[in-house]
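Spelled out from the first residue to the last, the chains are:
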Amino acid sequence: MSINWFKYSSPQTFYPLAGKMIPWFVWLATIFAIAGLYISFAVAPTDFQQGEAYRIIFVHVPAAWMSMVIYIVMAGWAALGLALNARLSAMMAQALAPTGAIFTLLALVTGSLWGKPMWGAWWVWDARLTSELILLFLYLGFIALQASIDDPRRADRAGALLALVGVVNVPIIYFSVKWWNTLHQGSSINMGAAPKMAATMLMGMLLMALAFWMYTVAVALMRVRCIMLERERSSDWVKELSVTAGGKL
Amino acid sequence: MQWASWSAFFNMGGYAFYVWFSFGLTALCVAWEVISLRKRSKAALRLSKILAQG
């Protein structure tokens, strides 16, 4: 059996599909968050060096992961939109940017809140922190650029170019702790090496990352639905929907 | 369980400010994002309804 994927590439058919998917991702995010928070605070032991302050890791690392993952996915959608001239792909890229910016901000702020008690400084200009700050500016630049161009198709193309150029920053963030001498510690998880942290700590971090991931899908779908309604305001399907749905969502 | 009492839990070994600020801000961001998207969707539908009937 084959699925006709192109059927779902038009906003009109994707809108109700996205609406059906959102509650599932909200539930998954909630379940993973409850399990993750329980392990983070009730099961994971106190760190022998950092005391309880290390528990910031359970939001800091997942937020930092998501800030990079979302950027790559966003740039991927933007590239697809550029290559195929597909409006839904461009809308997906646009829908992901604010959530990516929020996770980047959270990674920076929680990192700062962890740095102060452990390093004695809220901020240092080391390669990891600086490249993550540049990521925040890339997200904000993408959002501002799209907002500043009235014609949505031109805005999509300009945004896509910016997103694609900015992709080069993601490996710089990821490998910064290897390439340079940073105050920031090395990777929490290394492929091909045994984890250096307790299994319960790792478990808490992974569950929180899954919760953030499911949350991201849910809010990106919510936002892409808003973008569809706003951009296709004058089309018949949005008008019909607004009348039949009334004010309810 | 890691904690002798609730007050020990809230105290976070002396790091209460840093730990609870981190988790609290994350929760606030999540709540703000979801609420603002709900509002945005309703506003878009409302405007389209006016356009459809106007």
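Everything numeric in this text was worked out from a predicted model, so none of it was measured.

Novice: Can you explain the interface of chain B and chain A? Please cite residues and give values.
Specialist: Listed by partner, the interface residues are 34 residues for chain B and 44 residues for chain A. Buried area between chain B and chain A, both sides added, is near 3,500 Å², and the carbon and sulfur share of it is 74%. Contact with chain A buries area across many residues of chain B, yet B:Phe23, B:Glu33 and B:Leu45 alone supply 18% of it, more than any other trio. Along the contact surface separating chain B from chain A lie two salt bridges.

Novice: Provide a residue-level description of helix α7 (residues 199–231) of chain A, including the pertinent values.
Specialist: The end-to-end C-alpha separation of α7(A) is 47 Å, in line with the 48 Å expected for 33 residues at 1.5 Å each. For α7(A), the buried fraction is high: 24 of the 33 residues fall into the buried class.

Novice: Could you give me a rundown of the pattern of salt bridges, with the residues and numbers involved?
Specialist: All names here are of chain A. Inspection of every chain in the model, using the stated rule, returns six salt bridges over all chains. In this structure, the salt-bridge partner of Arg153 is Asp156, at a minimum N-O distance of 2.9 Å. In this pair, Arg153 and Asp156 both sit in helix α5 (residues 152–166), three residues apart, roughly one turn of the helix. The class of Arg153 is partly exposed, set by a relative accessible area of 25%.

Novice: Describe in detail the packing of aromatic side chains, supporting the description with residues and values.
Specialist: Aromatic ring pairs are defined here through the distance separating the ring centres and the angle between the ring planes. Using the criterion set out here, one finds 21 aromatic pairs over all chains in the structure. Summarising the aromatic geometry, the rings of A:Phe41 and B:Phe9 are spaced 5.8 Å apart at their centres and angled 80° between planes, so their arrangement reads as edge-to-face. In this pair, A:Phe41 is assigned in helix α1 (residues 11–43) and B:Phe9 in helix α1 (residues 6–11), connecting two distinct chains. Judged by its relative accessible area of 8%, A:Phe41 is buried. Residue B:Phe9 is classed as buried on the basis of its relative accessible area of 14%. Arranged with centres 5.4 Å apart and planes meeting at 65°, the rings of B:Phe9 and B:Trp20 form a pair that is edge-to-face. Of this pair, B:Phe9 sits in helix α1 while B:Trp20 is found in helix α2 (residues 16–53), placing the two residues 11 residues apart along the sequence. For B:Trp20, a relative accessible area of 27% translates into the label partly exposed.

Novice: So what's going on with helix α6 (residues 169–179) of chain A? Which residues, and what values?
Specialist: Residue and element names in this part refer to chain A. Within α6, the full set of buried residues consists of Asn169, Val170, Ile173, Ser176 and Val177. The buried residues of α6 all sit within an arc of 140° when viewed along its axis, so they share a single face. Where the residues of α6 are buried, they touch α2 (57–84), α4 (127–148) and α5.

Novice: Break down the packing of α2(A) against helix α3 (residues 87–119) of chain A for me, citing the residues and quoting the values.
Specialist: Residue and element names in this part refer to chain A. It is at 7 Å that the axes of α2 and α3 come closest, and there the two elements cross at 155°. Regarding the angle of α2 to α3, the classification is roughly antiparallel. Classified by chirality, the crossing of α3 by α2 is left-handed. Tallied by class, residues from the contact of α2 with α3 come to 20 nonpolar, nine polar and no charged.

What counts as what
Residues numbered from 1 in each chain as written. Chains lettered and ligands numbered in written order. Predicted model: local features only at pLDDT ≥ 70, side-chain atom pairs only at ≥ 80, totals over all residues. Heavy atoms only, no water. Contact = heavy atoms within 4.5 Å. Buried area = accessible area lost by both parts, 1.4 Å probe. Salt bridge = Lys/Arg side-chain N within 4 Å of Asp/Glu carboxyl O. Helix = DSSP H or I, 4+ residues; strand = E, 2+ residues; numbered from the N terminus. Expected span 1.5 Å × (residues − 1). Buried < 20%, exposed > 50% of the residue type's maximum accessible area, 1.4 Å probe, protein only. Phe/Tyr/Trp six-rings, centres within 6.5 Å; stacked < 30°, edge-to-face > 60°. Arc of directions from axis to C-beta. Axes fitted to C-alpha atoms, helices over the stretch in contact; angles between N-to-C directions. Parallel < 35°, antiparallel > 145°, perpendicular 65-115°, else oblique. Left-handed = near helix turned anticlockwise from the far one by under 90°. Nonpolar A, V, L, I, M, F, W, Y, C, P; charged D, E, K, R; others polar.

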